[in-house]
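Residue-level structure breakdown
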Amino acid sequence: SAEELHSIVGGNLAQCNWEVSGVSTDSRNIKKNDLFIAIKAKRDGNDFLLSAINNGAKAAIISRLPAGLPANFPYILVKDGMKALNDIALYSRKRYKGKLIAITGSVGKTSTKDILEKMLSVFGLTHSSPKSYNNNLGVSLTLVNIPKKTEYVICEIGMNRKGEIEPLSTLVAPDVAIITNISAAHLASFENLEEIANEKASI
């Protein structure tokens, strides 16, 4: 709900009494009743708010008001959209009471995730990272979109450099951790396989 989100991210709430059923940061992939969160990266997500609205966004979290915003469109104005997404992800993880499995490794993460999803869905509602969503943005989106009554969540955790696995693992707080294997896939950022293994083990 609007009030619940406002209590998590702070900022200025415009319009009350609205609810959303999903979260997206990509205006092209908005579903009806989704919350659009504008992230500033290579491009400024605030510039795509009107596109998100046209594609069915129910509300938005933005860091500035774009020109042409409909007067009655509900939003929360914050300083940093990415921080807001991470705050919602942390809240969603704490609220979730099922089992969460995190997967990392040099190769085979997505395949292992897909196999586990097929297996676990036999025993209960299972939610997993879409595609290869394994960085800070992707992991947060996986967590914020956990459906109600989900029994199993599978998160893929990747890295490109030192120090990336531990903060993502802290956010995910897995009940079960899987390391597929250790190989030379990341030697450009590490001196040897032992360093890669130590980074992966921080899960």
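Just above sits the structure.
Keep in mind that what you see is a predicted model, and the values were worked out from it rather than measured.

Looking now at the sheet that holds strand S8 (residues 152–156). Here we have four strands laid out as an open sheet, ordered S7-S8-S6-S9, and parallel in their pairing. Both outer strands of the open sheet, strand S7 (126–128) and strand S9 (176–179), are each paired with one neighbouring strand and no more. Across the sheet, the mean angle separating the axes of adjacent strands is 15° when strand polarity is ignored. Both strand S6 (residues 99–104) and S8 contribute to a ladder of five bridges, which runs parallel. Note on S8: the bridge partner recorded for Leu-100 is Val-153.

When charged atoms on two side chains of opposite charge get close, those side chains can pair. Applying the stated criterion across every chain yields a total of eight salt bridges. Note that Asp-87 and Lys-83 form a salt bridge whose closest N and O atoms lie 2.9 Å from each other. Highlighted residues: Asp-87 and Lys-83, both in helix H3 (residues 81–95), separated by four residues, approximately one helical turn. When its relative accessible area of 49% is taken as the criterion, Lys-83 is described as partly exposed. The closest approach of N and O atoms between Glu-195 and Lys-162, which form a salt bridge, is 3.4 Å. Residue Glu-195 is located in helix H7 (residues 193–201), and its partner Lys-162 is located in the loop between S8 and helix H6 (165–172); the two are separated by 33 residues in the primary sequence. Salt bridges sharing common partners tie together Asp-44, Asp-47 and Arg-64.

When its volume is computed, the largest pocket comes out at roughly 1200 Å³. If you go around the largest pocket, you meet 41 residues; those closest to its centre are Gly-22, Val-23, Val-144, Asn-145 and Ile-146. At the level of secondary structure, the elements contributing two or more residues to the lining of the largest pocket comprise helix H1 (2–9), strand S2 (22–24), strand S3 (34–37), H3 and helix H5 (136–144). A breakdown of the residues in the lining of the largest pocket according to their chemical character gives 15 nonpolar, 16 polar and 10 charged.

Right, let's talk about unusual backbone geometry for a bit. The backbone of Asn-17 sits at a positive phi, close to 60°, despite the residue not being glycine. Considering the arrangement of structural elements, one finds Asn-17 in the loop between strand S1 (12–14) and S2. A relative accessible area of 75% means that Asn-17 is categorised as exposed. The phi dihedral of Lys-149 is positive, around 70°, even though this residue is not glycine. Note that Lys-149 resides in the loop between H5 and S8.

Nonpolar side chains collect at one region of the surface, where Ile-179, Ile-182 and Leu-193 lie side by side and expose about 220 Å² of accessible area between them. In this structure, Ile-179 sits in strand S9. On the basis of relative accessible area, Ile-179 is assigned to the partly exposed category, the value being 37%.

In this section: the nonpolar core. Core analysis: the biggest nonpolar cluster contains 37 residues, and Ile-61 and Leu-143 have the highest contact counts within it. Residue assignment for this core shows that the elements contributing at least two residues are H1, S3, strand S4 (59–62), H3, S6, H5, S8 and H6. Element by element, the count of residues in this core is highest for H3, at five residues.

The rules behind each value
Residues numbered from 1 in each chain as written. Predicted model: local features only at pLDDT ≥ 70, side-chain atom pairs only at ≥ 80, totals over all residues. Heavy atoms only, no water. Pairing = 2+ DSSP bridges. Helix = DSSP H or I, 4+ residues; strand = E, 2+ residues; numbered from the N terminus. Axes fitted to C-alpha atoms, helices over the stretch in contact; angles between N-to-C directions. Salt bridge = Lys/Arg side-chain N within 4 Å of Asp/Glu carboxyl O. Buried < 20%, exposed > 50% of the residue type's maximum accessible area, 1.4 Å probe, protein only. 1 Å grid on protein atoms, 1.4 Å probe; cavity = no way out; pocket = protein on both sides within 12 Å on 5 of 7 lines; lining within 4 Å. Points joined across faces, edges and corners; volume = space filled by probe spheres on them. Nonpolar A, V, L, I, M, F, W, Y, C, P; charged D, E, K, R; others polar. Patch = residues over 30% accessible without salt bridge, like charges linked within 9 Å, V, L, I, M, F, W, Y side chains within 5 Å. Areas by Shrake-Rupley, 256 points an atom, 1.4 Å probe, with all protein chains shown as cover. Core = buried A, V, L, I, M, F, W, Y, C linked by side-chain atoms within 4.5 Å.

None of the figures reported here should be taken as evidence of function without further support.
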